[in-house]
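# A look at the structure
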Amino acid sequence: MLHKRYKAFLYLFSRDMQRLVAIKGMNDILPPDSARWEWLEQVVRSLMQRYAYRAIRTPIVEPTALFVRGLGEVTDIVEKEMYSFEDRLNGEQLTLRPEATAGVVRAVVEHSLLHDGGRRLYYMGPMFRHERPQRGRYRQFHQIGAEALGFPGPEMDAEIILLAHALWAELGLKDVRLELNSLGQPDERRAHRAALIAYLEQHQELLDEDARRRLHSNPLRILDTKNPAMQALVEAAPRLMDYLGDASRQHLAAVQAMLDAAGVAWSINPRLVRGMDYYNLTVFEFVTDQLGAQGTICGGGRYDYLIEQMGGKPAPAVGWALGVERVLELLREQGRDTPAAQPDAYAVVADAAALPTVMATLQRLRALGVSVQMHSAAANAQGPGSMKAQFKKADASGARFALVFGADELRAGTVTVKPLREAGEQLQRPLSDVAAWAASLQSAR
Ligand code: ATP
Ligand code: MG
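Analysis parameters
- In this numbering scheme, every chain counts its residues from 1 along its sequence in written order.
- The naming scheme follows written order: chains are lettered A onward, ligands numbered 1 onward.
- Given that this is a predicted model, residues contribute local features only at a pLDDT of at least 70 and side-chain atom pairs are listed and counted only at 80 or more, while totals for whole chains, interfaces and linings are drawn from all residues.
- Excluded from the side-chain calculation are hydrogens and water; included are all heavy atoms of the structure.
- An automatic or database domain assignment provides the domain bounds reported here.
- Nonpolar cores are built from buried Ala, Val, Leu, Ile, Met, Phe, Trp, Tyr and Cys residues. Side-chain atoms within 4.5 Å join them into one set.
- Here's how the labels work: a residue is buried when its accessible area is under 20% of the maximum for its type, exposed when over 50%, partly exposed in between, all with a 1.4 Å probe on protein chains only.
- Any two residues whose heavy atoms approach within 4.5 Å are treated as being in contact.
- For this description, a residue counts as near a given molecule or strand if any of its non-hydrogen atoms is within 4 Å of it.
- Within 3.5 Å is the distance limit for a polar contact, defined as a pair of N or O atoms, with the added protein rule that one can donate a hydrogen and the other accept it, and that residues adjacent in sequence qualify only through two side-chain atoms.
- Where accessible areas are quoted, they stem from the Shrake-Rupley method and a 1.4 Å probe; at the residue level, only the protein chains shown are allowed to cover.
- A helix here means a DSSP run of H or I that spans at least four residues, while a strand means a run of E at least two residues long, and both kinds are numbered starting from the N terminus.
- Gly is placed with the polar residues, together with every amino acid not listed as nonpolar (Ala, Val, Leu, Ile, Met, Phe, Trp, Tyr, Cys and Pro) or charged (Asp, Glu, Lys and Arg).
- For helices, the fitted axis covers only the stretch in contact; all axes are lines through C-alpha atoms, and the angles between them, taken along N-to-C directions, range from 0 to 180 degrees.
- Orientation labels follow simple angle bins: below 35 degrees gives roughly parallel, above 145 gives roughly antiparallel, 65 to 115 gives roughly perpendicular, and whatever is left gives oblique.
- Should DSSP find at least two bridges between two strands, the strands are taken to pair.
- Each pair of aromatic rings taken from Phe, Tyr and Trp, with Trp reduced to its six-membered ring, is defined by centres within 6.5 Å and is described as stacked if the planes are under 30 degrees apart, edge-to-face if over 60, and tilted in the remaining cases.
- For a Lys NZ or an Arg CZ to count as sitting over a ring, it must be within 6 Å of the ring centre and within 35 degrees of the ring normal.

### So, the domain arrangement of the protein
- Domains assigned within the protein are domain 1 (33-184 + 244-333) and domain 2 (345-441).
- When each unit is reduced to the centre of its C-alpha atoms, the spacing between domain 1 and domain 2 is 47 Å.

Written out as structure tokens, the structure reads:
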């Protein structure tokens with residue numbers, strides 16, 4: 001009955017329904033590409049461990065108010081990029097997270113994570129922004145981020161920048177530039193803001209629509225416009241750097257000294273203001289010329305007022321987020337080979353009668369840490385496959401060894417281990433003592 005209904009559904013589906021495809025700007029990550037993602041995540045986890053950053057996982061859906069309060073109302077994200085909807089059951093306004101810092105701060109406040117000092121946290125996961133999809137810009141994309149909360153000193157700005165720098169080295173990324181700026185403190189920004197508005201008002205006719213709208217609500221953001229027609233105007237605008245007091249200058253100088261001592265090159269970009277309202281003092285981006293218009297692979301900075309703004313006890317913080325798609329694209333662009341997923345061994349099964357023995361043996365091998373792919377005939381194959389066809393599959397799998405379960409082997413209670421990648425004798429191994437030889441199959445991982 002079910003079967004019939006299913007067939008009827010398939011029929012209707014193929015005849016009447018539109019093809020079901022992923023949403024524009026949201027991508028499937030398929031093998032073998034998914035192995036590159038897992039490799040990158042593995043490198044990140046290992047590095048975070050060495051810097052003593054601990055993982056945090058927050059929900060993908062949060063109340064819309066969290067992002068409005070956290071990111072600022074006059075930001076690209078809140079103005080036009082959020083996926084927001086009403087909860088059908090209780091009418092709550094919800095949003096798919098466009099970034100993770102607001103959620104991390106909410107969690108830190110909600111669970112009083114700073115009650116006995118600072119915290120170093122990291123996260124990875126999908127973010128959602130309704131942007132125009134193009135190379136390096138998607139609607140579901142992935143960020144990895146690090147946040148150090150509760151630490152005011154410039155050494156923590158330096159630590160978190162050095163952490164990102166170390167990541168590029170471990171991934172084998174080249175030609176990534178570090179740009180720095182300081183956004184100072186709120187009172188310094190106020191003085192600069194007045195000067196900036198006065199300057200921009202004198203050149204009203206050169207402002208585009210976005211800039212005109214932001215002139216009085218968020219003039220700083222006008223400085224990072226990508227509109228080519230406005231470049232000369234913002235180039236000559238008053239520089240926030242010139243409005244910084246001694247403490248802000250010293251903070252930046254201290255960060256620079258620590259980067260210098262660690263041998264990390266940086267340059268000042270006075271127009272670097274970052275997309276979110278919550279930053280103060282140090283802001284930074286890691287950029288490349290090799291990805292076209294989407295050249296920022298990682299951005300961050302200090303946000304000493306956000307925790308208080310989110311209802312917590314005042315506490316400083318600094319963090320960054322990187323775009324996983326952009327980092328992987330840059331690795332590809334630079335021809336960096338990343339490890340592929342390959343089994344250690346491929347089990348060739350000569351006769352279906354051997355399957356119970358094969359299954360039991362492979363189960364033991366895997367428990368001992370060996371990665372084994374078993375041959376099984378695909379639905380579109382004719383029969384279980386000749387030995388020749390199975391060896392072809394074994395070869396294509398990338399395995400180093402074939403495990404041959406033939407009739408002779410079964411009678412003798414053995415399996416033949418045949419090297420596929422390197423010269424070497426094939427060996428008969430006893431099934432009665434798998435543990436004695438399992439390790440010889442394992443590749444270094
Ligand atoms: P951009 O200027 O490219 O729009 P942003 O300032 O909006 O970046 P952040 O919010 O700081 O970016 O996010 C940190 C990182 O996440 C970016 O440097 C980038 O690598 C990545 N990123 C941001 N938006 C996207 C997107 N839509 N698709 C893919 N990656 C993205
Ligand atoms: Mg953006």
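### Examining the nonpolar core
- Ranked by size, the top nonpolar core spans 48 residues in total, and within it L149, L200 and Y303 carry the most contacts.
- When near neighbours in sequence (up to four residues on either side) are disregarded, L200 contacts L207, L215, I222 and L233.
- L40, Y53, W168 and L328 belong to the second-largest nonpolar core, a separate cluster that totals 41 residues.

### A few points about the site of ligand 1
- Neighbouring ligand 1 are 16 residues, the closest being R129, E131, R137, Q143 and R274.
- Between ligand 1 and Y138, the relevant distance is 2.9 Å, taken from a nitrogen atom to a main-chain nitrogen or oxygen of the residue.
- With the chains in place, 91% of the 580 Å² that ligand 1 exposes on its own is no longer accessible.
- Those elements giving two or more residues to the shell around ligand 1 turn out to be β6 (140-149), β10 (296-302) and β11 (317-323).
- No other element matches β10, which puts three residues into the shell around ligand 1.
- Grouping the constituent residues of the shell around ligand 1 by class yields six nonpolar, four polar and six charged.

### Some words on the packing of helix α2 (residues 33-50) against helix α12 (residues 324-333)
- With their axes 11 Å apart at the nearest point, α2 and α12 run at an angle of 110 degrees to one another. Relative to α12, α2 is oriented roughly perpendicular. Every residue of α12 that contacts α2 at D33, R36, W37, W39 and L40 is listed here: V324, E325, V327, L328, L331 and R332.
- Considered class by class, the residues forming the contact of α2 with α12 number seven nonpolar, no polar and four charged.

### Overview of the sheet that holds strand β4 (residues 93-96)
- Read across the open sheet, the three strands follow the order β2-β4-β3; overall the sheet is antiparallel. The open sheet has two edge strands, β2 (61-63) and β3 (83-86), and neither has a second partner. Strand-to-strand, the axes of this sheet are offset by a mean angle of 35 degrees, without reference to chain direction.
- Across the sheet, helix α3 (residues 64-71) is in contact with β2, β3 and β4; its angle to β2 comes to roughly 75 degrees.

### Quick word on the packing of aromatic side chains
- Per the stated rule, a full pass over the model turns up four aromatic pairs.
- Judged by centre distance (5.4 Å) and plane angle (75 degrees), the ring pair of W168 and F286 falls under edge-to-face. Of the two residues, W168 sits in helix α6 (residues 154-171) while F286 sits in strand β9 (residues 280-287), which places them 118 residues apart along the sequence.
- Overall, the relative accessible area of 3% leaves W168 in the buried class.
- For F286, a relative accessible area of 1% corresponds to the buried category.
- Measuring from centroid to centroid gives 6.3 Å for F284 and F286, while their planes differ by 75 degrees, and the two rings are edge-to-face. Judged on exposure class, the residue F284 and its partner F286 are both buried.
- Aromatic ring contacts, followed pair by pair, group W168, F284 and F286 into a single cluster.
- Lying over the aromatic face of F151, R120 brings its terminal NZ or CZ to 5.0 Å of the ring centre.
- Looking at K418, its charged tip hangs above the ring of F391, at a distance of 5.8 Å from the centre.

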